[in-house]
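# Examining the three-dimensional arrangement
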Amino acid sequence: MTPSEKLVFTQTVEALFVRALENRLTPACREHLRRAGLALDQKLERAYTLEQWKEFLRIAAGHVYGGVPAEAAYYSLGERFMDAYFGTFFGRALLGVVRLAGPRRMLLRAGMGFRAGNNFSVVEIVERSPTSVELRMNDVLADLPTFSAGLLARAVELCGGWRVVSIPEEFDGTAATFHIRWAEAPAEAALAATDGDSGASRPRA
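Notes on the structure follow.

Conventions we followed
- Numbers given to residues run from 1 along each chain, matching the order in which its sequence is written.
- In keeping with the model being predicted, local features are shown solely for residues with a pLDDT of at least 70 and side-chain atom pairs are shown and tallied solely at 80 or more, while totals for entire chains, interfaces and linings include all residues.
- To obtain the side-chain values, all non-hydrogen atoms of the structure were included, while hydrogens and water were left out.
- In this scheme, strands are said to pair when DSSP sees at least two bridges between them.
- Strands here are runs of E lasting at least two residues and helices are runs of H or I lasting at least four, both read from the DSSP assignment and numbered beginning at the N terminus.
- As a rule, the C-alpha atoms of each element are fitted with a line to give its axis, helices using only the stretch in contact, and angles between N-to-C directions run from 0 to 180 degrees.
- In what follows, salt bridge is the name for a side-chain nitrogen of Lys or Arg lying within 4 Å of a carboxyl oxygen of Asp or Glu.
- Relative accessibility decides the category of a residue: with a 1.4 Å probe and only protein chains considered, values under 20% of the type maximum give buried, values over 50% give exposed, and everything between is partly exposed.

Quick look at the sheet that holds strand β3 (residues 123-129) now. Here we have four strands laid out as an open sheet, ordered β3-β4-β6-β5, and antiparallel in their pairing. In this open sheet, the two edge strands, each paired with only one partner strand, are β3 and β5 (161-169). Each adjacent strand pair in this sheet contributes to an overall mean axis angle of 20°, direction not counted. Alignment of β5 against strand β6 (residues 176-184), held across seven bridges, turns out to be antiparallel. Its bridge partner lying in β6, Trp 162 is registered against Ala 183.

For the rest of this paragraph, the subject is the pairing of strand β4 (residues 132-137). Pairing analysis gives six bridges linking β3 to β4, with the strands arranged antiparallel. Opposite Glu 127, over in β4, you have Val 133 as the bridge partner. Linking β3 to β4, which pair antiparallel, is a turn of two residues. Examined bridge by bridge, β4 and β6 share six bridges and lie antiparallel to one another. Bridge pairing links Leu 135 to Phe 178 in β6.

Here we come to the pattern of salt bridges. In this structure the tally under the stated criterion is ten salt bridges. For Arg 34, the salt bridge goes to Glu 31, with nearest N and O atoms at 2.5 Å. You can see Arg 34 and its partner Glu 31 sitting in helix α2 (residues 27-36), three residues apart, about one turn around the helix. According to the relative accessible area criterion, Arg 34 is partly exposed, its value standing at 43%. Two residues, Glu 31 and Arg 35, come together in a salt bridge whose shortest N-O distance is 3.7 Å. With Glu 31 and Arg 35 both in helix α2 and four residues apart, the pair spans about one turn of that helix. Given a relative accessible area of 30%, Glu 31 falls into the partly exposed group. Sharing partners across several salt bridges, the network here consists of Glu 31, Arg 34 and Arg 35.

This is how it looks when you write it as structure tokens:
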């Protein structure tokens, strides 16, 4: 690893592959991950290269969501990642803050959240209305932008957003712009979102 190399930190890898997918990884999948550099039966490295992370995602998408269209598989991986990330020690503390702040303020600070998990993410936000933004990511963290679309949509839901839509556009293989919009959640829907069911329509795999 070099100082200029794109790195994904251990807490990001742990959130998805140890917490979110632990019970869904078959022995064959674990062996495939081990050959790619992720030995889940050993202590995780402090960081992995972005290319390693992308390969881990490819393996998970193929094993866990075999037969599912890749776009939907990656979207679901993004959702699962966000649920698990907010289950970590750091994530639980952060979730309490962002729930109070609401979706808009959370998205305006999204850059700091991404940089807690890697050393390269740059996020730019343009507000279009009180409940819609354009979010530009310099790197979508995966082969397909639907991974980040899923995690962004789930983050908005967990912060109280309702009927969330997260659409990636202008994907150039690395960067993309996400059009994110939501409705203000009624009180009973906000409670449901904390239990993992916001009632929003989204392409779960």
